[in-house]
Amino acid sequence: MRHAFLGTELPIVQAPMAGVQRSRLAASVCAAGGLGSLPGAMFDAAGLRTELQALAAAATGPWNVNFFVHQPPAPDAAAESRWRERLAPYYAEFGIDPAGVPAGAGRQPFTAAMAEVLEEFRPAVVSFHFGLPAPELLARVKARGAQVWSSATTVAEAVWLQQHGADVVIAQGLEAGGHRGHFLSHDLGLQSGTMALLPQVVDAVSVPVVAAGGIADARGVQAALALGAAAVQVGTAYLGCDEAETSALHRAALRDLAAPTELTRLFTGRPARGIVNRLMRELGALSPDAPAFPTATAALAPLKARAEAQGRADFTSLWSGQNRSGCNEPSAAALTRALAGR
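All values reported here derive from a predicted model rather than from experimental measurement.

Criteria and thresholds
- Residues numbered from 1 in each chain as written.
- Predicted model: local features only at pLDDT ≥ 70, side-chain atom pairs only at ≥ 80, totals over all residues.
- Heavy atoms only, no water.
- Helix = DSSP H or I, 4+ residues; strand = E, 2+ residues; numbered from the N terminus.
- Rg over C-alpha atoms; globule rule 2.2 N^0.38 Å.
- Buried < 20%, exposed > 50% of the residue type's maximum accessible area, 1.4 Å probe, protein only.
- Contact = heavy atoms within 4.5 Å.
- Areas by Shrake-Rupley, 256 points an atom, 1.4 Å probe, with all protein chains shown as cover.
- Lys, Arg positive; Asp, Glu negative; His and termini not counted.
- Charge placed at Lys NZ, Arg CZ, Asp CG, Glu CD.
- Pairing = 2+ DSSP bridges.
- Core = buried A, V, L, I, M, F, W, Y, C linked by side-chain atoms within 4.5 Å.
- Arc of directions from axis to C-beta.
- Right-handed = clockwise from strand over helix to strand, strands pointing away.
- Polar contact = N/O pair within 3.5 Å; in protein donor to acceptor, adjacent residues only side chain to side chain.
- Axes fitted to C-alpha atoms, helices over the stretch in contact; angles between N-to-C directions.
- Parallel < 35°, antiparallel > 145°, perpendicular 65-115°, else oblique.
- Salt bridge = Lys/Arg side-chain N within 4 Å of Asp/Glu carboxyl O.

**Quick notes on the overall build of the chain**
The helix and strand inventory of the chain stands at twelve helices and eleven strands. What you see for the chain is a C-alpha radius of gyration of 19 Å, in line with the 20 Å of a compact globule of 342 residues. Seen through its principal axes, the chain has C-alpha atoms that stretch 60 × 45 × 40 Å. Within the chain, the proportion of its 342 residues that are buried is 55%. Once local pairs closer than 6 in sequence are excluded, the contacts in the chain between residues at least 24 apart make up 67%. Total accessible area on the chain is roughly 13,400 Å²; 54% of this is exposed by carbon and sulfur atoms. If the 27 positive side-chain charges of the chain are averaged to one point and the 28 negative ones to another, these points end up 3 Å apart.

**A few points about the sheet that holds strand E11 (residues 272-275)**
Spatially, three strands are ordered E7-E11-E10 in an open sheet, and the strand pairing comes out antiparallel. One side of each edge strand has no neighbouring strand; the edge strands of this open sheet are strand E7 (178-179) and strand E10 (261-264). Taken together, the two bridges between E7 and E11 define a ladder with antiparallel strand orientation. In the strand pairing of E11, His-179 is matched with Ala-272.

**Quick word on the nonpolar core**
Core analysis: the largest hydrophobic core is formed by 73 residues, its most contacted members being Leu-48, Leu-52, Phe-67, Phe-110, Phe-128 and Tyr-238. Judged by nonpolar contacts, the second largest core, of 23 residues, contains Leu-87, Tyr-91, Ile-96 and Leu-303.

**Side note on helix H7 (residues 194-204)**
Among all positions of H7, only Thr-194, Leu-197, Leu-198 and Val-201 are buried. An end-on view of H7 places all buried positions within 105° of arc, on one side of the element. Where H7 is buried, its residues contact strand E5 (147-152), helix H6 (155-163), strand E6 (168-172), strand E8 (209-212) and helix H8 (218-226).

**Observations regarding the pairing of strand E4 (residues 125-129)**
Of all five residues that make up E4, five are buried, and the element is covered over most of its length. Residues of E4 alternate between two faces, with Val-125, Ser-127 and His-129 on one and Val-126 and Phe-128 on the opposite face, all of them buried. Examined bridge by bridge, strand E3 (residues 63-68) and E4 share five bridges and lie parallel to one another. Its bridge partner lying in E4, Val-65 is registered against Val-126. Where E4 lies against E5, four bridges are found, and the strand directions are parallel. Within E5, the position partnered with Ser-127 by the bridge is Trp-149. Running through helix H5 (residues 135-143), the crossover from E4 to the neighbouring parallel element E5 is right-handed.

**A look at the environment of Val-205**
For Val-205, the location among the structural elements is in the loop between H7 and E8. Sequence-wise, Val-205 and Ala-158 are 47 residues apart; in three dimensions their C-alpha atoms are separated by 7.1 Å. Beyond its immediate chain neighbours, meaning those up to four positions away, Val-205 contacts Ala-158, Val-159 and Gln-162.

**A look at the pairing of E3**
Counting buried positions along E3 gives six out of six residues, so the element sits mostly inside the fold. Covered by surrounding structure in E3 are Trp-63, Val-65 and Phe-67 together with Asn-64, Asn-66 and Phe-68, the residues of both alternating faces. In this structure, strand E2 (residues 36-39) lies alongside E3, joined through four bridges in parallel fashion. When the bridges of E3 are listed, Gly-36 appears paired with Trp-63. Handedness of the crossover joining E2 and E3 through helix H2 (residues 45-58) is recorded here as right-handed.

**So, H8**
Buried within H8 we find Gly-220, Val-221 and Ala-224. Taken down its axis, H8 places every buried residue within 100° of arc, on the same side. Within H8, the exposed residues directed more than 90 degrees away from the buried face are Arg-219 and Ala-226. In the core, the buried residues of H8 are packed alongside strand E1 (12-14), H7, E8, strand E9 (231-234) and helix H12 (332-339).

**Focus on the side chain of Arg-84**
You can see Arg-84 is positioned in helix H3 (residues 77-93). Within the local environment of Arg-84, its side chain forms a polar contact with the side chain of Glu-80, the two groups lying 2.7 Å apart.

**With respect to the environment of Phe-43**
Relative to the assigned elements, Phe-43 resides in the loop between E2 and H2. Note on Phe-43: relative accessible area 10%, which makes it buried. Once the C-alpha coordinates of Phe-43 and Gly-106 are considered, the two residues, 63 residues apart in sequence, prove to be 9.8 Å apart.

**Let's talk about the packing of H3 against helix H11 (residues 297-309)**
Where H3 meets H11, the axes come as close as 10 Å, and the angle between the chain directions of the two elements is 10°. Taken together, the axes of H3 and H11 are roughly parallel relative to one another. Between H3, through Glu-80, Trp-83, Arg-84, Leu-87, Tyr-90 and Tyr-91, and H11, the contact on the second element is made entirely by Ala-299, Leu-300, Pro-302 and Leu-303.

**Quick look at the pattern of salt bridges**
Under the criterion given, the structure shown has 15 salt bridges. Where Lys-142 meets Asp-167, a salt bridge forms, and the shortest distance between an N and an O atom there is 3.3 Å. Linking Lys-142 in helix H5 with Asp-167 in the loop between H6 and E6, this pair joins segments that are 25 residues apart in sequence. Judged by relative accessible area, which is 33%, Lys-142 ranks as partly exposed. In this structure, Arg-278 engages Glu-282 in a salt bridge whose closest nitrogen and oxygen atoms are separated by 3.2 Å. Here Arg-278 pairs with Glu-282, and both are found in helix H10 (residues 278-283), just four residues apart, close to one helical turn. Under the relative-accessibility criterion, Glu-282 is labelled partly exposed at 44%. Salt bridges here are not isolated pairs; linked through shared partners, they connect Glu-93, Arg-278, Glu-282, Arg-312 and Asp-314.

Written out as structure tokens, the structure is:
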């Protein structure tokens, strides 16, 4: 049996995870009957084309390509200066000259150049985070036959997405690892857990709803399906698979089930859930000192590199959802089948 809107055997979607995966993970999930996803936010057009060529050659069945749709912030020298002043003690500790640390953005928004690359490959699904792209870019994606998905963290966002052209809504609960997909309001007090958000979104929209956040095994999948989800998106559990590019330090942190997670702005400038580390403890996870997304990343890069060389994850973004109990399956294909109760 194939799921009508997914075109896959299993109702399992592998969450796109920028920075810790490439096409190999997505292809393995596809081979097992799920929907594999490729994150596009950290590739330029040439890099995206290379990964899509590899995925198209290896994957069986449909697959998803995901993008961020943020607006790059205007240059803000004062904000950048404040951020580097806050990091100055760490630069001194590691013998880094802050004058030699370049500024820049760690993630790319969806652009016409990316849309042009997609048109060469015609993916079955194109998904977005932080809303939807400009109408002309959205029209280009749909013109090639792709389903358009996007994340909603509130009922209001789900309704907005349906009204503005989304074919599928991903209901992202507060438990989810990585970046929050909110875009109508930055008030984190409006956010709720997956099992509270999901049935409200299902009742509010007429398009299929995919549940995301805190789901790590077949029990969680069945619970989400019982609440009306058409499919389930899982991210954190895939971080432990051999096909993921998760670092040894990150994998070790994921295995420590007692370590708490928090939402933090420090690594990119936008709230994202990760395992608490030194930087989060000492600066405050949601410190306003981090500049606007995605410009916070560049100033941390040399600190991350120096600390990791010493076997420390003090400045590493250890993205993780609240439920890490599923990070024990080395094969992405086996995990996909296990999530579906196979």
